Amino acid sequence: MKLSLPIPLLLLLPVLAMAKPLTVCTDASPEGFDVVQYNSLVTTNASADVLMNRLVEFDARAGKVVPGLAERWTVSADGLSYTFTLRRNVAFHATDYFRPGRKLNADDVVQSFERMLKPDHPWHRIAVNGFPHAQSMQLPKLVRAVDRIDDQTVRFTLNEADATFLPMLTMGFASIYSAEYMDKLMAAGKPALLNSQPIGTGPFVFRAYQKDAAVRYVANPDYFGGKPKVERLLFSIVPDATVRLQKLRAGECQIALSPKPQDVAGIRGNPALQALSVPAFMTAFVALNSQHKPLDNPKVRQAINLAFDRTAYLNSVFGGTAVAATQIYPPNTWSYARDVRPWPHDPARARALLAEAGLAKGFETTIWTRPSGSTLNPNPRAGAELLQADLARVGIRASIKVIEWGELIKRGKAGEHDLLFMGWAGDNGDPDNFLTPQFSCAAVTSGTNFARYCSPTLDRQIEAGKRTANVAERTRQYVAAQKWIHDQALWVPLAHPTATVLVRREVGGYRVSPFGRQDFASVVVR
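Source: prediction; values computed, not measured. What you see as residue numbers is a count from 1 along each chain, following the sequence as written. Residues qualify for local features only when their pLDDT is at least 70, as the model is predicted, and side-chain atom pairs are given and counted only at 80 or more; totals for whole chains, interfaces and linings, by contrast, use all residues. To obtain the side-chain values, all non-hydrogen atoms of the structure were used and water was disregarded.

1. Description of empty space enclosed by the protein
Link 1 in the chain: Cavity: a set of points on a 1 Å grid over the protein atoms alone where a 1.4 Å probe fits but cannot get out. Pocket: an open set with protein on both sides within 12 Å along at least five of seven lines, its lining residues, like those of a cavity, having an atom within 4 Å of a point. Grid points are joined across faces, edges and corners, and a volume is the space filled by probe spheres set on the points. Summed over all chains, the structure comprises four cavities of 30 Å³ or more.
Link 2 in the chain: Put simply, the largest cavity is a space of about 700 Å³.
Link 3 in the chain: Lining the largest cavity are 49 residues, with L41, V42, N45, L376 and A425 sitting closest to its centre.
Link 4 in the chain: When the residues that make up the lining of the largest cavity are grouped by side-chain class, the tally is 28 nonpolar, 17 polar and four charged.
Link 5 in the chain: Empty space within the second largest cavity amounts to approximately 70 Å³.
Link 6 in the chain: In terms of lining residues, the second largest cavity is bounded by T326, Q327, I328, W343, I485, H486, A489, L490, W491 and P493.
Link 7 in the chain: Counting from the N terminus, the helices are DSSP H or I runs at least four residues long and the strands are E runs at least two residues long. Where the lining of the second largest cavity is concerned, the elements lending two or more residues are α19 (471-488) and β18 (491-504).
Link 8 in the chain: Amino acid classes used here: Ala, Val, Leu, Ile, Met, Phe, Trp, Tyr, Cys and Pro are nonpolar; Asp, Glu, Lys and Arg are charged; the rest, including Gly, are polar. Looking at the lining of the second largest cavity residue by residue, the class counts come to seven nonpolar, three polar and no charged.

Written out as structure tokens, the structure is:
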């Protein structure tokens, strides 16, 4: 019997076949897609968030760790053993360059972590950029073993109890890779393809990437969380925030990330657009490279903090969309050191400190910043010029270097900068998400510690805060760490921004993450 369709449905079929993608206007190109090699949020969003999953995830609304690829887990009484039971029938992506021969199992988890933990692992030396998050979080020191118990069970054995271990596994670098795919690439002598032809278990499947132009994905029909509601996802890379807004107005993208504050105000009253906001678990800062002279002198770093007019900076760059930063993480975070006073704007005291450091005539330095705006730095040029002018008033002659985002991250991790405009977004609500990756000695080696500062005293305070689950004791250690960081003036803290995303009204199901992470699995375009 021949199937006949009503005329209206016949007319609708071509429309469905040509359905518009969900187009997201983003501010920069990802550095690659092997997310463990990188630490920028842009790269995490383009790889870990859309292509991959982790054993556990962090639910920002509930404020807790929830199941991911592991449907449940147990922790031993001594806190040294974590046993995860994996979901069954989780499929890896099928693409034109890989067809999986099996479902997710414990081998994938073991290989995903052992490549980061074991220097003699075949995949360890393949990561030309190293493993910045794993190294800064001191994972090789923490994890004694990752063992396959059976197909669906994996056990992590730790060398010492660590209250941050489970939340750490929600971070992008803890994404689970296909061991089958990795073995295929290694056997073919093409392991570098892992960075350009990714395979994951996530809601979208990678299709193509054109640097500085676009990343293309399609919905994963076999996603264990349910097939996404949009068939195609396009990241349109548009560094200029004004152009992103123009594209949003024209319907060329449905979501625009990292808007300028004035753009948020500018869409008020536009019935086609809306701004979605949430207080961000982020800090914008200027890192002071303590390994470069004269920035190795704490009096010089303190003088820079005293010279800077934060109020003028916040008004000019953030336009009322951020809270002034005193400490390294936002004031609504538990363990925040409320009795630490911010550096005042005191140019006279700054000049006196420079004189005490033997620099009464000042010195020359450089200010590094990115070319395009972001949530953590809406107007890079204006911010750099304000800092430059403030420093000039106390005798510090600073030149501004504008460097492309990917190159800025690479060279900043290598410690080439003097003063570096940067920002940090935590992946969960734990304070250590800022402390270890930004201020530990291990993070100097991995490159995420942009102040390039290593202190055994500070390391001990951070480590002591992780070794207990007692919140009061962790708070005591973290308050001491914050005081140390403030007194050493390792950063010029700038702002805790509001995370805002501009969306068209036809978009439903999208939520802004306080961590800057992106989830498009439940988004619909009406």
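2. What about the sheet that holds strand β5 (residues 81-86)?
Hydrogen bonds between backbone atoms are what pair the strands of a sheet, whose relative direction is either parallel or antiparallel.
Link 1 in the chain: The criterion for strand pairing is that DSSP finds at least two bridges linking the strands in question. Strands sit in the order β4-β5-β7-β6 across an open sheet of four strands; the sheet is antiparallel. Edge positions in the sheet fall to β4 (70-75) and β6 (143-150), since each has one partner strand and no second. On average, each strand axis in the sheet is inclined to that of its neighbour by 20°, with strand direction left out of account.
Link 2 in the chain: Where β6 meets strand β7 (residues 153-158), six bridges bridge the pair, whose relative direction is antiparallel. Among the inter-strand pairings, V143 is bridged to a residue of β7, identified as L158.
Link 3 in the chain: Any two residues whose heavy atoms approach within 4.5 Å at even a single point are treated as in contact. Axis definition: a line fitted to C-alpha atoms, over the contacting stretch in the case of helices. Angles run 0 to 180 degrees between N-to-C directions. Along the sheet, helix α4 (residues 106-117) makes contact with β5, β6 and β7, crossing β6 at roughly 165°.

3. Focus on the environment of A451
Link 1 in the chain: For A451, the position within the fold is in the loop between α17 (441-446) and α18 (456-466).
Link 2 in the chain: Once the C-alpha coordinates of A451 and Y329 are considered, the two residues, 122 residues apart in sequence, prove to be 16 Å apart.
Link 3 in the chain: Apart from residues lying up to four places away in sequence, A451 is in contact with A287, L288, N289, S290, L490 and W491.

4. Quick word on the packing of helix α16 (residues 432-439) against α18
Link 1 in the chain: It is at 11 Å that the axes of α16 and α18 come closest, and there the two elements cross at 145°. When the axes of α16 and α18 are compared, the crossing they make is left-handed. Contact with α16, carried on its side by D432, L435, T436 and F439, involves L458, D459, I462 and K466 of α18 and no other residues of that element.
Link 2 in the chain: Class assignment of the residues belonging to the contact of α16 with α18 gives a composition of four nonpolar, one polar and three charged. Throughout, a crossing is termed right-handed when the near helix is turned clockwise from the far one, and left-handed when it is turned anticlockwise from it by less than a right angle.

5. Notes on the environment of Q246
Link 1 in the chain: Mapped onto the secondary structure, Q246 falls in helix α9 (residues 241-249).
Link 2 in the chain: Only protein chains enter the area calculation, which uses a 1.4 Å probe; residues under 20% of their type maximum are buried, those over 50% are exposed, and those in between are partly exposed. Residue Q246 is classed as partly exposed on the basis of its relative accessible area of 47%.
Link 3 in the chain: With 61 residues separating them along the chain, Q246 and L185 place their C-alpha atoms 42 Å apart.

6. Some points on the layout of surface pockets
Link 1 in the chain: By volume, the largest pocket is sized at about 1000 Å³.
Link 2 in the chain: Looking at the largest pocket, it is lined by 34 residues, and the ones nearest its centre are E57, F58, D59, R61 and D519.
Link 3 in the chain: Put simply, the parts of the chain that give the lining of the largest pocket at least two residues each are β2 (56-59) and β3 (64-67).
Link 4 in the chain: Of all the elements, β2 adds the most residues to the lining of the largest pocket, at three residues.
Link 5 in the chain: Space inside the second largest pocket adds up to approximately 610 Å³.
Link 6 in the chain: Considering the residues around the second largest pocket, the lining is formed by 32 residues, among which F281, W334, N428, G429 and D430 are closest to the centre.
Link 7 in the chain: Counting residues per element, the lining of the second largest pocket draws most heavily on β18, which supplies three residues.

7. Topic: the packing of aromatic side chains
Link 1 in the chain: Paired rings are identified among Phe, Tyr and Trp, the last through its six-membered ring, by centres lying within 6.5 Å, and are further divided according to the angle between planes into stacked (under 30 degrees), edge-to-face (over 60) and tilted (the rest). A complete count under the given rule lists 23 aromatic pairs for this structure.
Link 2 in the chain: For the ring pair F235 and F520, a centre distance of 5.9 Å and an interplane angle of 80° mean the geometry is edge-to-face. Remark: F520 occurs in the loop between β19 (507-508) and β20 (524-525) and F235 occurs in strand β10 (residues 232-237); sequence separation between them is 285 residues. The same class applies to F235 as to F520, namely buried.
Link 3 in the chain: Put simply, the rings of W73, Y82, F84, F113, F156 and F165 touch in pairs and so form one group of aromatic residues.
Link 4 in the chain: Only lysine NZ and arginine CZ atoms are considered, and such an atom sits over a ring when it is within 6 Å of the ring centre and within 35 degrees of the ring normal. Sitting over the ring of Y177, R115 keeps its end group 5.4 Å from the ring centre.
Link 5 in the chain: When the ring centre of W405 is taken as reference, the NZ or CZ atom of R370 above it lies at 4.2 Å.

8. Considering the pairing of β18
A regular strand carries its side chains on alternate faces of the sheet.
Link 1 in the chain: The element β18 is largely enclosed, with a buried count of 13 among its 14 residues.
Link 2 in the chain: The sheet contact formed by strand β11 (residues 255-256) and β18 spans two bridges and is antiparallel. Its bridge partner lying in β18, I255 is registered against V503.
Link 3 in the chain: Relative to β18, strand β12 (residues 273-279) is paired through seven bridges, and the arrangement is antiparallel. Within β18, the residue paired with S277 across the bridge is T500.
Link 4 in the chain: Across four bridges, strand β13 (residues 282-288) lies against β18 in antiparallel orientation. In the sheet register, A287 faces β18, and the bridge partner there is W491.
Link 5 in the chain: Bridge count between strand β14 (residues 322-324) and β18: three bridges; the pairing is antiparallel. Bridging across to β18, V323 finds its partner in H496.

9. What to know about the state of the cysteines
Link 1 in the chain: Any two cysteine sulfur atoms within 2.5 Å of one another count as a disulfide. What the rule picks out here adds up to one disulfide.
Link 2 in the chain: In this model C441 forms its disulfide with C454; the gap between the sulfur atoms is 2.0 Å. Taking the torsion about the sulfur-sulfur bond, which here is approximately 90°, the covalent link between C441 and C454 counts as right-handed. In this pair, C441 is assigned in helix α17 and C454 in the loop between α17 and α18, connecting sequence segments 13 residues apart.
Link 3 in the chain: Judged by its relative accessible area of 45%, C454 is partly exposed.

10. What to know about the confidence of the model for the protein chain
Link 1 in the chain: Scored between 0 and 100, pLDDT is the confidence that the predictor attaches to each residue. Confidence along the protein chain averages 94 in pLDDT terms, with 96% of residues attaining 70 or more.
Link 2 in the chain: Long-range and interchain partners of residues 1-18, a stretch whose pLDDT sits below 50, account for three contacts in this model, where long-range means more than four residues apart.

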